[in-house]
Amino acid sequence: MIEKTFVGCDLRAVILNKKVICAYLKIPPNVLGDGHSTIETLVREKNARRAASPALRVAMIKTDDKARQILGFQGFHMQSVPAEGEPVLLGLTQSVSSGGDLLPINGRLSSPVNSVACSVAKALGYTGPLGMDVLCRDFEDKTGTAIICETNPQPAMFGALYPPVGQSVNCAEKIILHYFGAKPKKPSTKLHRIHCEGAKEIELQAFCDAFAETYEAGPVLTKTGAQELTLEGTDTEASALLSVLLDSQKKPKFIDAAYIVTPLKKPRTRKSTIALETPEDKVLRASDLIAQACLAAKPKHAEIRSNNCLLIKQGRKTTFASMQLNGWYAQVHSTELGRRRLRHILAMHGLPITRNLILEPTDVRGLRRAVARLEQGCTITMITRSGIQMQSTVATADDASALLSENLSDRTRLVHVSAPESKSSVDLLVFDGSLVAATQVSGPDQQSLHSEWHHVASACMEALPSARLMSVRVSLDDPANGPDDQVWAIDSIDTNPDIAKFGKRAADPKGAFAKKLVSALLESTI
């Protein structure tokens, strides 16, 4: 390949977010005469200085045959003594790896040179780091020109971090801040009120005393109510405490459920009540409704493939989408670990959760105590690695012990103890932060739901932003009353809900709700 000769200087500019963050001249291997030292001595002294630099220690000036030949062209040899201030070249390659020097010129590039250096990143729309080798006659000439020699998507930055002269530029820090944002501020300390369901005051006080001994220099935990703790600490510390109270094996046996006490956000007031829909006599999962709606809306362009995959043809373009609108999110929370994590997320967002103890299969004493405290009618669920082993309702602690001894096996992994069902429970169908429909699951027949349950639906979606569609089961005393006027708790969340139980309008494949689901699905096609 033959290229046109360009006479001028060679510089390296490091580009980030289409802007120059540092620049330096690249100078061939050289020494500067002092009037009394030989070139061999000058090279040895300069290499000693380069050895002390993290950037230059691996790139010494060579004195091989090529270097001696270049000295001969200048009328020198290794024993020559150049005059004071006289430059002597020992190579022609302008790179650090060949023994060259770096001279920082940060902030000194003229506008034309700067524009050329940033041109490739702007043309490609690339905001990541780029190393641009630019040739120019004078990098400070405002009327000068420049050309691009080379582009490197993984530029070496040691020259900017450890320049032989001048101020260093921390390119690595700038790149990290570019991708991950500004430096995180020190987390602020605030008060977190934590409600502990099922706890007694003497037990809470003992827990606070043990917490203080464990974390002498950490957050401060105090008992501020009959079933309430107050933590003075960061959000991270509050989350860690909730993990202990909810999920871990070190969970205090006397606490059935815990959550941060936070008032519901009420952005706007709805005066009308919410009608409780009559369920259809069928089962229609959200993924099935989406499939039917897609086939109804695009009968000639939609095709259902295996594994809930939908193929959509638009001209020559073919796209795919999962009919499970929540995708990976639904799969994550279908496991036992996912359900534990779900309870933790809801509790952190101030949403009450039902009393539910998770015990080891061998903890007979804890099981008896839980049943005695939760009163008659609590449900015991024995879980294996593959799913539910058995589920039964017991009246006394003796019944619970007998049930455990009869059904315990090597496959049993956990035992759940759930509180008796409340007077009523309703299912809320939530889509993109709004309450779409509601239906009563149990309790005395009601015709409508209080309008403020819209706020609970929005709070659930805010706590779980990765889910666009969900069904939330809420245990409550009276659907006609608002959340602030009664005791309520979230029992479960279904990310592929049965739409048929929310009435005929929601389950209509040609209805307005089905069209919204199709639009949401088409947004996620690949």
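Relevant structure appears above.
Now for a look at the structure at hand. Here the structure is a predicted model, which is why all the values come from computation and not from measurement. (Residues numbered from 1 in each chain as written. Predicted model: local features only at pLDDT ≥ 70, side-chain atom pairs only at ≥ 80, totals over all residues. Heavy atoms only, no water.)

## Side note on empty space enclosed by the protein
Next up, step 1: Going through the model one piece at a time under the given rule, you end up with 1 cavity of 30 Å³ or more.
Next up, step 2: The wall of the largest cavity is formed by Cys-22, Ala-23, Tyr-24, Pro-104, Asn-106, Gly-159, Ala-160, Pro-163, Gln-167 and Val-169.
Next up, step 3: Taken together, the elements giving at least two residues each to the lining of the largest cavity come down to strand 2 (19-27) and helix 4 (158-161).
Next up, step 4: Per-element accounting of the lining of the largest cavity gives the leading share, 3 residues, to strand 2. (1 Å grid on protein atoms, 1.4 Å probe; cavity = no way out; pocket = protein on both sides within 12 Å on 5 of 7 lines; lining within 4 Å. Points joined across faces, edges and corners; volume = space filled by probe spheres on them. Helix = DSSP H or I, 4+ residues; strand = E, 2+ residues; numbered from the N terminus.)

## Some points on the sheet that holds strand 23 (residues 469-476)
Next up, step 1: The strand order across the open sheet formed by 4 strands is 21-20-23-24, and the pairing between neighbours is antiparallel. Two strands bound the open sheet, and with one partner strand each, they are strand 21 (434-442) and strand 24 (489-494). The mean inter-strand angle of the sheet, taken between neighbouring strand axes irrespective of direction, is 25°.
Next up, step 2: Examined bridge by bridge, strand 20 (residues 424-431) and strand 23 share 8 bridges and lie antiparallel to one another. (Pairing = 2+ DSSP bridges. Axes fitted to C-alpha atoms, helices over the stretch in contact; angles between N-to-C directions.)

## Side note on helix 2 (residues 65-73)
Turn by turn, an α-helix covers 3.6 residues, leaving residues three or four places apart pointing in a common direction.
Next up, step 1: Residues of helix 2 that are buried include every one of Ala-67, Ile-70 and Leu-71, and no others. Down the axis, helix 2 shows its buried residues gathered within 105° of arc, on one side only. Seen from the open side of helix 2, the exposed residues pointing more than 90 degrees away from its buried face are Asp-65, Lys-66 and Phe-73.
Next up, step 2: Against helix 1 (39-51) and strand 4 (87-89) lie the buried residues of helix 2.
Next up, step 3: Immediately beyond the C-terminal end of helix 2, within one or two residues, lies Gly-75, with a positive phi of roughly 85°. (Buried < 20%, exposed > 50% of the residue type's maximum accessible area, 1.4 Å probe, protein only. Arc of directions from axis to C-beta. Contact = heavy atoms within 4.5 Å.)

## Describing helix 1
Next up, step 1: Here helix 1 spans 18 Å end to end across 13 residues, near enough to the 18 Å set by a 1.5 Å rise per residue.
Next up, step 2: Every buried residue of helix 1 is accounted for by Ile-39, Leu-42, Val-43, Lys-46, Asn-47 and Arg-50. Down the axis of helix 1, the buried side of the element spans an arc of 130°, and every buried residue falls inside it. Counted as exposed and oriented over 90 degrees from the buried face of helix 1: Arg-44 and Arg-49. (Expected span 1.5 Å × (residues − 1).)

## Concerning the state of the cysteines
Next up, step 1: All told, the structure shown has 0 disulfides when counted by the stated rule.
Next up, step 2: Note on Cys-196: no disulfide assigned, nearest cysteine sulfur contributed by Cys-208 at a separation of 8.3 Å.
Next up, step 3: When its relative accessible area of 0% is taken as the criterion, Cys-196 is described as buried. (Disulfide = S-S within 2.5 Å.)

## What to know about the pattern of salt bridges
Next up, step 1: Taken as a whole, this structure holds 15 salt bridges when the rule is applied.
Next up, step 2: The salt bridge partner of Arg-473 is Asp-427, with a shortest N-O separation of 2.8 Å. Taken as a pair, Arg-473 in strand 23 and Asp-427 in strand 20 lie far apart in primary sequence, 46 residues in all.
Next up, step 3: Measuring nitrogen to oxygen at the nearest pair gives 2.8 Å for the salt bridge that ties Arg-468 to Asp-432. Of this pair, Arg-468 sits in the loop between helix 13 (453-463) and strand 23 while Asp-432 is found in the loop between strand 20 and strand 21, placing the two residues 36 residues apart along the sequence.
Next up, step 4: Among the residues examined, Asp-432 registers a relative accessible area of 39% and is labelled partly exposed. (Salt bridge = Lys/Arg side-chain N within 4 Å of Asp/Glu carboxyl O.)

## Observations regarding the side chain of His-192
Next up, step 1: Checked against the element boundaries, His-192 lands in strand 8 (residues 190-197).
Next up, step 2: Among the polar contacts made by the side chain of His-192, one reaches the side chain of Asp-235 at a distance of 2.9 Å.
Next up, step 3: Beyond its immediate sequence surroundings of up to four residues, His-192 is in contact with Leu-229, Thr-230, Leu-231, Gly-233, Thr-234, Asp-235, Ala-238 and Ile-260. (Polar contact = N/O pair within 3.5 Å; in protein donor to acceptor, adjacent residues only side chain to side chain.)

## Things to note about the environment of Lys-200
Next up, step 1: Relative to the elements of secondary structure, Lys-200 occurs in the loop between strand 8 and helix 6 (201-214).
Next up, step 2: When the C-alpha positions of Lys-200 and Gln-227 are compared, they lie 6.7 Å apart, and in sequence the two are 27 residues distant.

## Considerations on the side chain of Thr-412
Next up, step 1: Along the chain, Thr-412 turns up in strand 19 (residues 412-418).
Next up, step 2: Accessibility expressed as a relative area gives 7% for Thr-412, which makes it buried.
Next up, step 3: Among the polar contacts listed, one links the side chain of Thr-412 to the side chain of Gln-389, at a separation of 2.6 Å.
Next up, step 4: Beyond its immediate sequence surroundings of up to four residues, Thr-412 is in contact with Pro-361, Met-382, Ile-383, Thr-384, Gln-389 and Asn-407.

## A word on the nonpolar core
Next up, step 1: With 50 residues, the main nonpolar core has Leu-245, Leu-346, Leu-428, Met-470 and Val-472 as its most contacted residues.
Next up, step 2: Ranked by residues supplied to this core, first place goes to helix 13 with 7 residues.
Next up, step 3: Counting residues in hydrophobic clusters, the runner-up holds 21 residues, among them Leu-284, Leu-289, Phe-431 and Ala-507. (Core = buried A, V, L, I, M, F, W, Y, C linked by side-chain atoms within 4.5 Å.)

## Remarks on the sheet that holds strand 7 (residues 146-152)
Next up, step 1: The sheet built from 5 strands is open, its strands ordered 5-2-1-6-7 with antiparallel pairing. Looking at the sheet topology across the chains shown, the edges are occupied by strand 5 (101-104) and strand 7. Looking at each pair of strands side by side, their axes are set apart by 30° on average, direction ignored.
Next up, step 2: As paired strands, strand 6 (residues 130-136) and strand 7 are joined by 6 bridges and run antiparallel to one another. The residue of strand 7 that forms the bridge with Asp-133 is Glu-150.
Next up, step 3: Sheet contacts for helix 3 (residues 111-124): strand 1 (9-16), strand 2, strand 6 and strand 7; angle to strand 6, the most-contacted strand, approximately 140°.

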